[in-house]
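In case you want the letters, here they are:
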Amino acid sequence: MLSRLSLSGHHSLCIQSMDGMLMFFEQDSYSFGRFLPGFLLPGPLAYNPRSDSFLTVSSARQLESYKYETLAVATDAESRQDSDLLPKTGGKRLTPDWTFVLGEQAQDISVPSFSHSSSSILVLGERNLFCLRDNGQIRFMKKLEFNPSCFLPYASVKDGTTNLLLGNHNNMLLIYQDVTLKWAAQLPFVPVAVRVASFP
């Protein structure tokens, strides 16, 4: 489930179902639903407020970006339609605005929104960490020598870079600045979720 703030100041919710349908709710009422093309299993879903688009990873192991406007005018998803058939209604066939081939399943997607982060989309794969621009062009990729369990981008003190907390199945918590390892800690457990907090 994701939250989206529209230009008019209204909150929207997007819920991804197990059969690949994205359902959109405006305030307290159902707006519309769309089936993602080529959907097999639910994967990570993220909202990019900078481009007003939704990001997900398809069963073809590629990152796909769908603008909210594209989803809103696509063919209605009351029933699945064969992707080879042209829609018989006035809507358009749903196609992503851009795709990026990951070549592996993604565990998580993050779109950092802190002030001095360079516009980035971060994808944690099974063996790689990908950083892309908002248009789908790659900024950098880091090959991981371990199985990651979770990650969290957070604000860096250096402009143009992003810090990352990255947990793995070797009971380690690693801190990267873009692709450079800055610090590591051994934990007594496998981290499954990490957050940054300020305590007085």
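Residues numbered from 1 in each chain as written. Predicted model: local features only at pLDDT ≥ 70, side-chain atom pairs only at ≥ 80, totals over all residues. Heavy atoms only, no water.

A. Spotlight on the sheet that holds strand 16 (residues 180–186). With respect to topology, four strands assemble into an open sheet ordered 13-14-15-16, the strand pairing being antiparallel. This sheet does not close on itself; its edge strands, each paired only once, are strand 13 (148–155) and strand 16. Across the sheet, the axes of successive neighbouring strands diverge by a mean angle of 20°, strand direction being ignored. Taken together, the seven bridges between strand 13 and strand 14 (residues 162–168) define a ladder with antiparallel strand orientation. (Pairing = 2+ DSSP bridges. Helix = DSSP H or I, 4+ residues; strand = E, 2+ residues; numbered from the N terminus. Axes fitted to C-alpha atoms, helices over the stretch in contact; angles between N-to-C directions.)

B. Quick look at unusual backbone geometry. The phi dihedral of R61 falls on the positive side, at around 60°, and the residue is not glycine. Along the polypeptide, R61 turns up in the loop between strand 6 (53–57) and strand 7 (62–67). Using a relative accessible area of 39% as the deciding quantity, one classes R61 as partly exposed. Located in the positive-phi region is D178, a residue other than glycine, with phi close to 55°. Mapped onto the elements of the fold, D178 is located in the loop between strand 15 (172–177) and strand 16. (Buried < 20%, exposed > 50% of the residue type's maximum accessible area, 1.4 Å probe, protein only.)

C. Local environment of the sheet that holds strand 5 (residues 45–48). Taken in spatial order, the four strands of this open sheet run 5-6-7-8, and their pairing is antiparallel. With partners counted over all chains shown, the strands left at the sheet margins are strand 5 and strand 8 (98–101), one partner each. Neighbour-to-neighbour, the strand axes of the sheet open up by a mean angle of 20°, direction not taken into account. Bridge count between strand 6 and strand 7: five bridges; the pairing is antiparallel. Within strand 7, the residue paired with S53 across the bridge is K67.

All we've got here are geometric facts, nothing functional implied.
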